[in-house]
Amino acid sequence: MTDLKRRVGIFAALADPTRLRIVDLLTLGDLSSSEIELLLGLRSNLVAHHLRVLEKAEIVTRSRSEFDKRRSYIGLRPEIFDTLTPGGVEVPERVVFVCTANSARSQLAEAIWRDSNPIPAASAGVRPGAVINPGAVAAATRHGLRIEEGRSPQHVSEVLAEHDLVITVCDSAHEQMTGRDDLHWSIPDPAPIGTPEAFDRAIALITQRIRALSLRLKTGRPD
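(A) Local environment of the sheet that holds strand β3 (residues 94-99). Strand order in the open sheet formed by 4 strands is β4-β3-β5-β6, with parallel pairing between adjacent strands. Here the strands that pair on one side only, and so sit at the sheet edges, are β4 (121-125) and β6 (183-184).

(B) Inspection of the packing of helix α3 (residues 33-40) against helix α4 (residues 44-56) at higher detail. Their axes nearest at 10 Å, the elements α3 and α4 cross at an angle of 115°. Classified by the angle their axes make, α3 and α4 are roughly perpendicular. Once α3 is placed against α4, the crossing between them reads as right-handed. Contacts from Ser 33, Ile 36 and Glu 37 of α3 reach α4 at Ser 44, Val 47 and Leu 51. Taken together, the residues of the contact of α3 with α4 break down into 3 nonpolar, 2 polar and 1 charged.

(C) Representation of the state of the cysteines within the structure. Per the stated rule, a full pass over the model turns up 0 disulfides. In this structure Cys 170 is a free cysteine whose sulfur lies 5.4 Å from that of Cys 99, the closest cysteine sulfur available.

(D) Up close: the nonpolar core. With 40 residues, the main nonpolar core has Phe 97, Val 98, Leu 108, Trp 113, Ile 167, Val 169 and Trp 185 as its most contacted residues. Elements represented by at least two residues in this core include exactly β3, α6 (105-116), β4, α7 (134-142), α8 (156-159), β5 (164-168), α9 (171-177) and α10 (196-216). It is α10 that provides the largest number of residues to this core, a total of 6 residues. Each residue touching Trp 113, except ones within four places of it in the same chain, is listed here: Val 95, Phe 97, Ile 119, Pro 120, Ala 121, Ile 210, Leu 213, Ser 214 and Leu 217. If you look at the next biggest cluster of nonpolar residues, it comprises 20 residues, including Val 23, Leu 26, Leu 76 and Leu 84.

(E) The pattern of salt bridges, seen in detail. Scanning all chains against the criterion turns up 10 salt bridges. For Glu 58, the salt bridge identified is with Arg 6, shortest N-O distance 3.9 Å. Separated by 52 residues along the polypeptide, Glu 58 in the loop between α4 and β1 (60-64) and Arg 6 in helix α1 (residues 2-13) bring together distant segments of the chain. The class of Glu 58 is partly exposed, set by a relative accessible area of 38%. With its nearest N and O atoms 3.1 Å apart, the salt bridge here joins Arg 70 to Asp 68. Under the relative-accessibility criterion, Asp 68 is labelled partly exposed at 23%. Salt bridges sharing common partners tie together Arg 6, Glu 58 and Glu 79.

(F) Here's a closer look at the packing of aromatic side chains. In this structure the tally under the stated criterion is 2 aromatic pairs. Measuring from ring centre to ring centre gives 6.0 Å for Phe 97 and Trp 185, while their planes differ by 45°; the resulting arrangement is tilted. With a gap of 88 residues between them, Phe 97 in strand β3 and Trp 185 in the loop between β6 and α10 connect regions that are remote in the sequence. Judged on exposure class, the residue Phe 97 and its partner Trp 185 are both buried. Here the aromatic cluster, defined as three or more aromatic residues joined through ring pairs, consists of Phe 97, Trp 113 and Trp 185.

(G) Looking closely at the side chain of Arg 105. Counting through the fold element by element, Arg 105 comes out in helix α6. Beyond its immediate stretch of four places on either side in the chain, Arg 105 contacts Cys 99, Val 169, Cys 170, Ile 187, Pro 188, Asp 189, Pro 190 and Ile 206.

How each quantity is defined
Residues numbered from 1 in each chain as written. Predicted model: local features only at pLDDT ≥ 70, side-chain atom pairs only at ≥ 80, totals over all residues. Heavy atoms only, no water. Pairing = 2+ DSSP bridges. Helix = DSSP H or I, 4+ residues; strand = E, 2+ residues; numbered from the N terminus. Axes fitted to C-alpha atoms, helices over the stretch in contact; angles between N-to-C directions. Parallel < 35°, antiparallel > 145°, perpendicular 65-115°, else oblique. Left-handed = near helix turned anticlockwise from the far one by under 90°. Contact = heavy atoms within 4.5 Å. Nonpolar A, V, L, I, M, F, W, Y, C, P; charged D, E, K, R; others polar. Disulfide = S-S within 2.5 Å. Core = buried A, V, L, I, M, F, W, Y, C linked by side-chain atoms within 4.5 Å. Buried < 20%, exposed > 50% of the residue type's maximum accessible area, 1.4 Å probe, protein only. Salt bridge = Lys/Arg side-chain N within 4 Å of Asp/Glu carboxyl O. Phe/Tyr/Trp six-rings, centres within 6.5 Å; stacked < 30°, edge-to-face > 60°.

Laid out in structure tokens, this is it:
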């Protein structure tokens, strides 16, 4: 809760456009208050006000110039951007993607994950179809991904293990699993449209979600 309150305070302080502009400048280097006045075209009393808010929110620090002791430099706290980031997600033993038929979205998600992450992955369906959708196979090929030839859709009961991270990639599967999934990504089904563009859009959306999750997996940094 302490970390959450700290993040709330930071976001509140940065909600002002001028303070955000000041922080943008400080991402590139330390500045004196007079330099900030000049760069932003602001009066000294206004800059002083905004710097007090940023200091109170523990976003910036001041250090005395080693040359001119009357001068101070404003700098960002080094941990500030890590603090803004949500906490990490425990690294799972395996990720399992689930859709309704295990014929398109979950198969594509598994292929994308395997191509970008060393953590094992699998896929399953709540009502498995007879075969993998040819459009999904073709889309995977276009994007340099691989869906194993000859494999058949599988039911979740045949795939899930105790320590899997379960991600549903369709609304139907999420609602049918009634809380058995850990995460839900609402990805539109490309199969009813059936065009290459529809499958490519599904790949793009799933890739974005996988990238976002991968960045949240814990890498040893304490919360």
